[in-house]
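Below are the chains, spelled out letter by letter.
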Amino acid sequence: MKENNLSRFTTKELVEELSRREGIEKTIAEPYKDVQVKVNGPAIILVVID
């Protein structure tokens, strides 16, 4: 199953791989900085705090 294959990777590894893919836009919020993200859907927004 795919879930089992992906579960062996850390969140950091998964995010790094996704951020290299076409159609992915990566925005980084540095510590103690507020960042606003604006999208024109359809879109899926993941907030990864790791």
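We now turn to the structure provided with this report.

Thresholds, definitions, all that
- Residues numbered from 1 in each chain as written.
- Predicted model: local features only at pLDDT ≥ 70, side-chain atom pairs only at ≥ 80, totals over all residues.
- Heavy atoms only, no water.
- Helix = DSSP H or I, 4+ residues; strand = E, 2+ residues; numbered from the N terminus.
- Rg over C-alpha atoms; globule rule 2.2 N^0.38 Å.
- Areas by Shrake-Rupley, 256 points an atom, 1.4 Å probe, with all protein chains shown as cover.
- Lys, Arg positive; Asp, Glu negative; His and termini not counted.
- Charge placed at Lys NZ, Arg CZ, Asp CG, Glu CD.
- 1 Å grid on protein atoms, 1.4 Å probe; cavity = no way out; pocket = protein on both sides within 12 Å on 5 of 7 lines; lining within 4 Å.
- Points joined across faces, edges and corners; volume = space filled by probe spheres on them.
- Nonpolar A, V, L, I, M, F, W, Y, C, P; charged D, E, K, R; others polar.

Description of the overall build of the protein
Alright, step 1. On a plain count of helices and strands, the protein comes out with two helices and zero strands.
Alright, step 2. For 50 residues, the compact-globule formula gives about 10 Å, and the C-alpha radius of gyration of the protein, at 13 Å, lies well above that figure.
Alright, step 3. When the backbone C-alpha atoms are referred to their principal axes, the protein occupies close to 35 × 30 × 15 Å.
Alright, step 4. Summed over all atoms, the accessible surface of the protein reaches about 5,600 Å², with 52% contributed by carbon and sulfur.
Alright, step 5. The distance from the centre of the 8 positive side-chain charges to the centre of the 9 negative ones in the protein is 2 Å.

A word on the layout of surface pockets
Alright, step 1. In this structure, the largest pocket spans a volume of roughly 1,200 Å³.
Alright, step 2. As for the largest pocket, its lining consists of 24 residues, of which Glu-25, Lys-26, Thr-27, Leu-46 and Val-48 are closest to the centre.
Alright, step 3. Looking at the lining of the largest pocket, its residues break down into 15 nonpolar, three polar and six charged.
Alright, step 4. The computed volume of the second largest pocket comes to approximately 160 Å³.
Alright, step 5. Taken together, Leu-6, Phe-9, Glu-13, Leu-14, Glu-17, Leu-18 and Arg-21 make up the lining of the second largest pocket.
Alright, step 6. With four residues, the top contributor of residues to the lining of the second largest pocket is helix H2 (residues 11-19).
Alright, step 7. Residue composition of the lining of the second largest pocket, grouped by class: four nonpolar, no polar and three charged.

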